[in-house]
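The primary structure of each chain is shown beneath.
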Amino acid sequence: MKVAEAVGRALHAAGVGQVFGVVGSGNFHLTNAMVAAGSRFVAARHEGGAATMADAYARTSGTVAALSVHQGPGLTNAMTGIAEAAKSRTPLLVLAAEVTEPRSNFYVDQEALARSVGAVSARVTSAEDAVTEALDAVRRAVCERRTVLLNLPLGVQALDVPDVRAGESALAVVPPERAPVEPEFADVEALVRVLEKSRRPVFVAGRGARSPGARDALAALAEHHGALLATSAVARGLFHGDPWSLDVSGGFASPLAAELIQQADLIVGWGCALSMWTMRHGRLIGPDATVVQVDDDASALGAHREVHLGVTGDVELTARRALETHDANRQPQQGEQGQQGQRAQQRQQSRQGFRTADIGTAIAARLRWRDVPYEDTSTRERIDPRTLSIALDDILPAERVIGVDSGNFMGYPSMYLSVPDENGLCFTQAFQSIGLGLATAIGAALARPDRLPVAALGDGGAMMGAAEFDTVRRLGLPMVVVVYNDDAYGAEVHHFGPDGHPLETVEFPPTDIAAVARGYGFEAVTVRTRVDLKAVEDWLAGPRSAPLLVDAKVVADRGAWWLEEAFRGH
């Protein structure tokens, strides 16, 4: 058996069940070996799309996924998607064929490419060690939550493996997930003391809290201390339905959410970097607020801002240990039983924290962006993106999974379209590249086939990633693609336009994106007014046998609210 086949079989046995890529001569045998072993392969039309599909699939499914690419240009085509995955600490395995002769047309320093974007580089070096080295790469991707580039030199791939079964049996089983990190008892006690002193606590949960167990533990701890609940954008939906949820903290935060977070005397980031995006460059942190960060990676503590207390530990475990310590501290000591009633009343008052009747009423009435009054600037030719998004939120089924591209428009679908839980929005924005949104939605759709997939794109990103329209059609995905079409790179228009700079380089003639989609086999509709969305309702009521593209001609009179926040620290 050749190394390529042995590695492919071993990767599938290690749990790599989903592979995306573009196949060339260098990765042909490896990819086919994985398929023969039982892995599912999705052929993209461009390696960049394949990389983002794999990234989104891994994020949404909670499992490691693989990207398979040809040596040299196959890898370089995928680098933007790999950079996004690496910056997001997605457990992703990149399988790249490699030439080692510098005079080859395909030669590039692939190891240096990986390092340059924050990915980990590994290599298969011999027939004897091939299986071991491949599974070590999987183990590192899973246990360290890293994007790992596994280089597979062409010469090594073609060698005979001496004893495949012996090599496989000598390996420890690759764990399905990273082992939870137990927090130090002293750190938990310090966290509990800070919580007990607080009267206006806010919990901000991030990527490290995206699990039902972490959600339940945080909700229970927040209830004990009267804390309000918020998330970073990547964890949106984690507290969906909780009456004390502020939805997203940061540039996307609604006016009420921002106001309440600024009033907090304690902000605890749970698996959340508390970056400039999540904290609006620090403006959401009050001058006297205590800042705490909990993360299972010690290097993440204080990486973006100074914290008063850093706790290294798994989010769920830390929250549960804090709740246990809190309950233990509340047991009446000997001689205190006579004062138990009074103390119980005091404890009940302290638990109220930020959860007052007035705040509860305000959250219910005006927390959502759709509940914030606005002047509808729609015309007969163009629809206000807020009006469009609110209407779509009412029309589309609640069980949805949304992939969002980057650009001026992105706040509207990200915040006006509700999501059922933390797996309802796949937010590939760590690298802030446009053109990833459609591939993001494809990967998320394959991970959650039980939900309606929705891709929200700008016209720039839609045209940049248009090759993957074919992948949507070929896979038979019942996807709704919404293009917020302002015929421009809107972020640049609204950033440079007010200062009188020429905009010809970032504005384009009108494009009939609906016609482009029909060419790929989509159903399509052009939307200029609310009435035009009847076609979306009809599609939803029908067989959904072809994907639907909505070419929404949106008003472009001003920049989005979040863009103003972003450019203050750009």
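Residues numbered from 1 in each chain as written. Predicted model: local features only at pLDDT ≥ 70, side-chain atom pairs only at ≥ 80, totals over all residues. Heavy atoms only, no water.

(A) Examining the sheet that holds strand S16 (residues 480-485) more closely. Taken in spatial order, the 6 strands of this open sheet run S14-S13-S15-S16-S18-S17, and their pairing is parallel. Whereas interior strands pair on both sides, the edge strands pair on one side only; in this sheet they are strand S14 (425-426) and strand S17 (523-527). Here strand S13 (residues 400-404) runs beside S14; their pairing, made up of 2 bridges, is parallel. In the strand pairing of S14, Ile-402 is matched with Leu-425. Most of the contacts of helix H23 (residues 534-541) go to strand S18 (residues 548-553), to which it runs at about 170°, and overall it touches strand S15 (452-458), S16, S17 and S18. (Pairing = 2+ DSSP bridges. Helix = DSSP H or I, 4+ residues; strand = E, 2+ residues; numbered from the N terminus. Contact = heavy atoms within 4.5 Å. Axes fitted to C-alpha atoms, helices over the stretch in contact; angles between N-to-C directions.)

(B) The packing of aromatic side chains, seen in detail. Taken as a whole, this structure holds 14 aromatic pairs when the rule is applied. With 6.5 Å between their ring centres and 70° between their planes, Tyr-416 and Trp-561 make a pair best called edge-to-face. Taken together, the positions of Tyr-416 in helix H17 (residues 411-416) and Trp-561 in helix H24 (residues 561-567) put the pair 145 residues apart, joining distant regions of the chain. Assigned by exposure class, Tyr-416 and Trp-561 land together as buried. Taken together, the aromatic side chains of Phe-252, Trp-369, Tyr-412, Tyr-416, Phe-427, Trp-561 and Trp-562 make up a single cluster linked through ring pairs. (Phe/Tyr/Trp six-rings, centres within 6.5 Å; stacked < 30°, edge-to-face > 60°. Buried < 20%, exposed > 50% of the residue type's maximum accessible area, 1.4 Å probe, protein only.)

(C) Fine view of the pattern of salt bridges. A complete count under the given rule lists 32 salt bridges for this structure. In this structure, Arg-321 engages Glu-182 in a salt bridge whose closest nitrogen and oxygen atoms are separated by 2.6 Å. With Arg-321 in helix H13 (residues 315-329) and Glu-182 in the loop between helix H9 (164-169) and helix H10 (185-197), the pair connects residues that are 139 residues apart, well separated along the chain. Residue classification places Arg-321 among the partly exposed residues on the basis of a relative accessible area of 25%. The class of Glu-182 is partly exposed, set by a relative accessible area of 44%. A salt bridge links Arg-321 to Glu-324; its shortest N-O distance comes to 3.6 Å. With a gap of 3 residues between them, Arg-321 and Glu-324 both fall in helix H13, about one helical turn apart. Through salt bridges with shared partners, a single network forms among Arg-45, Asp-470, Arg-473 and Arg-474. (Salt bridge = Lys/Arg side-chain N within 4 Å of Asp/Glu carboxyl O.)

That's the geometry; what it means functionally is another story.
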